[in-house]
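# Working through the structure, step by step
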Amino acid sequence: MEALILGFEQFQEYMNSGGLVMWPLFICVVVLWYALGYRFYSLNRGSNASVRNLVRKFSEGIRKKPKGMIDSAVLEALSIVKIHGQTKDTRDYITDAFNAHSVEIIKYSKLIMTIVAAAPLIGLLGTVIGMIETFDSLADAALFSQSGGIAGGISQALFTTQLGLVVAVPGLIIGNLLQRKADKMLMDLEQIKDIVCIKEKGE
């Protein structure tokens, strides 16, 4: 319990050292990692097999249970074709069914990129505030102030810059990796529609 209280006090001291800007940055950290975690777990493709192989295995009954989003999409597409047959509206039915998958794939992507772009700017705001405090101290000749002064202003500027970069850099790297996966899954959904419709037309 004492360790928890000590940790909380150290955290509060760290946050206060950067001024008011630190709290919006902390909120950005929490929201960013929640969004990244959500995308990481929701972008579960399932099998690593190609879309064409998945369509073949599910249509032949070799596989019956989906392991992820693309597997489920293949089953949905085959079910729609089985129910409605191969008509001119079949692709539209499949597109409507895939809409929920598409929404899930892109969920929080814009939020992540917004936070990644905004965090360094918020940190820069803290830097400017800290430098203003520094110059005010120079004007007041408060060179050795223990509660602020030059040391406090520079410290505040560095803390906010640091936290802004801590938010932005990992978010940018992980966000881009997840976005590549999301783009690939969106292409897989389109490929499922192409393969299923062509396959049924051939039959």
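Above this text sits the structure in question.
Summarised in this report is the structure supplied together with it.

## Description of the pattern of salt bridges
With the rule as written, the count across this model stands at 7 salt bridges. One salt bridge connects Glu-60 with Arg-56, and the closest N-O pair in it is separated by 3.7 Å. Glu-60 sits in the exposed class, given a relative accessible area of 53%. Its relative accessible area of 35% is what places Arg-56 among the partly exposed residues. A salt bridge links Lys-184 to Asp-188; the shortest N-O distance between them is 2.9 Å. A residue pair is termed a helical-turn pair when its members lie 3 or 4 positions apart in one helix, as Lys-184 and Asp-188 do in helix 7 (residues 149-202) at 4 residues. Overall, the relative accessible area of 2% leaves Asp-188 in the buried class. One continuous salt-bridge network, built from bridges that share partners, spans Arg-91, Glu-190, Lys-193 and Asp-194.

## A word on the packing of aromatic side chains
Applying the stated criterion to the full structure yields 5 aromatic pairs. Three or more aromatic residues link up through ring pairs in this structure, and these residues are Tyr-34, Tyr-38 and Tyr-108.

## Quick word on the environment of Val-21
Within the element layout of this structure, Val-21 appears in the loop between helix 1 (2-17) and helix 2 (22-42). Expressed as a C-alpha distance, the spacing of Val-21 and Gly-164, which sit 143 residues apart in the sequence, is 9.8 Å.

## Digging into the nonpolar core
Core analysis: the biggest nonpolar cluster contains 39 residues, and Ile-94, Ile-192 and Val-196 have the highest contact counts within it. By residue number, the principal contributor to this core is helix 7, which donates 10 residues. With near-sequence residues (within four places) excluded, Val-196 lies in contact with Val-55, Ala-77, Leu-78, Val-81, Gln-86 and Ile-94.

## With respect to the packing of helix 3 (residues 51-59) against helix 4 (residues 69-84)
Running from N to C, helix 3 and helix 4 cross one another at 55 degrees; their axes reach a closest spacing of 10 Å. As judged from the angle between their axes, helix 3 and helix 4 are oblique. For the element pair helix 3 and helix 4, the recorded crossing hand is right-handed. Residues Leu-54, Val-55, Phe-58 and Ser-59 of helix 3 pack against Ile-70, Asp-71, Val-74, Leu-75 and Leu-78 of helix 4. The residue inventory of the contact of helix 3 with helix 4, partitioned by class, reads 7 nonpolar, 1 polar and 1 charged.

## Remarks on a nonpolar patch on the surface
Taken together, the side chains of Trp-23, Phe-26, Ile-27, Val-30, Val-31 and Leu-111 present a nonpolar region at the surface, about 470 Å² in accessible area. Top element by residues in the nonpolar patch is helix 2. It accounts for 5 residues. Positionally, Phe-26 belongs in helix 2.

## Observations concerning helix 5 (residues 90-106)
It helps to recall that an α-helix has 3.6 residues per turn; residues three or four apart then point in one direction. Between its first and last C-alpha, helix 5 extends 24 Å over 17 residues, near the 24 Å set by a 1.5 Å rise per residue. Its maximal kink placed at Phe-98, helix 5 deviates by approximately 40 degrees. Residues of helix 5 that are buried include every one of Thr-90, Ile-94, Phe-98, His-101 and Ile-105, and no others. Positive backbone phi, approximately 70 degrees, marks Tyr-108, located one or two places after helix 5.

## Describing the side chain of Arg-45
Note on placement: Arg-45 falls in the loop between helix 2 and helix 3. Owing to a relative accessible area of 14%, Arg-45 belongs among the buried residues under this scheme. A polar side-chain atom of Arg-45 sits 3.0 Å from a polar atom in the side chain of Asp-188. Aside from chain neighbours lying at most four places away, what touches Arg-45 is Ser-50, Val-51, Leu-54, Gly-68, Met-69, Ile-70, Asp-71, Lys-184, Met-185 and Asp-188.

Reading the values: the criteria
All residue numbers refer to position in the chain's written sequence, counted from 1. In keeping with the model being predicted, local features are shown solely for residues with a pLDDT of at least 70 and side-chain atom pairs are shown and tallied solely at 80 or more, while totals for entire chains, interfaces and linings include all residues. Side-chain metrics in this entry use all non-hydrogen atoms of the structure; hydrogen atoms and water are not considered. Salt bridge criterion: a side-chain nitrogen from Lys or Arg within 4 Å of a carboxyl oxygen from Asp or Glu. Only protein chains enter the accessibility calculation, which uses a 1.4 Å probe. A residue is then buried if its area is under 20% of the maximum for its type, exposed if over 50%, and partly exposed in between. Helix and strand assignments follow DSSP, with helices taken as H or I runs no shorter than four residues and strands as E runs no shorter than two, numbered in order from the N terminus. Centre distance within 6.5 Å is the pairing criterion for rings of Phe, Tyr and Trp, where only the six-membered ring of Trp is used; planes under 30 degrees apart are then read as stacked, over 60 as edge-to-face, and the remainder as tilted. To qualify as a nonpolar core, a set must consist of buried Ala, Val, Leu, Ile, Met, Phe, Trp, Tyr and Cys residues joined through side-chain atoms within 4.5 Å. Whether two residues touch is decided by their heavy atoms; if any such pair falls within 4.5 Å, the residues are in contact. A fitted line through C-alpha atoms serves as each axis, taken over the contacting stretch for helices, and the angle formed by two N-to-C directions is quoted from 0 to 180°. Angles below 35 degrees are treated as roughly parallel, those above 145 as roughly antiparallel, those between 65 and 115 as roughly perpendicular, and all remaining angles as oblique. Here a crossing is taken to be left-handed if its near helix is turned anticlockwise relative to the far helix by less than a right angle, and right-handed if that turn runs clockwise. Here the nonpolar group is Ala, Val, Leu, Ile, Met, Phe, Trp, Tyr, Cys and Pro; Asp, Glu, Lys and Arg are the charged ones; every other residue, Gly included, is treated as polar. Here a patch means residues that are over 30% exposed by relative accessible area and free of salt bridges, tied together within 9 Å if like-charged and within 5 Å if nonpolar (Val, Leu, Ile, Met, Phe, Trp, Tyr). Computed with the Shrake-Rupley method and a 1.4 Å probe, the accessible areas treat only the protein chains shown as cover for residues. Multiplying 1.5 Å by the residue count of a helix minus one yields the expected span of that helix. At every residue, the bend is computed as the angle between two fitted axes, covering the seven residues ending there and the seven beginning there respectively. Residues adjacent in sequence count toward polar contacts only when both atoms are side-chain atoms; beyond that, a polar contact is any pair of N or O atoms within 3.5 Å, and within protein one must be able to donate a hydrogen and the other to accept it.

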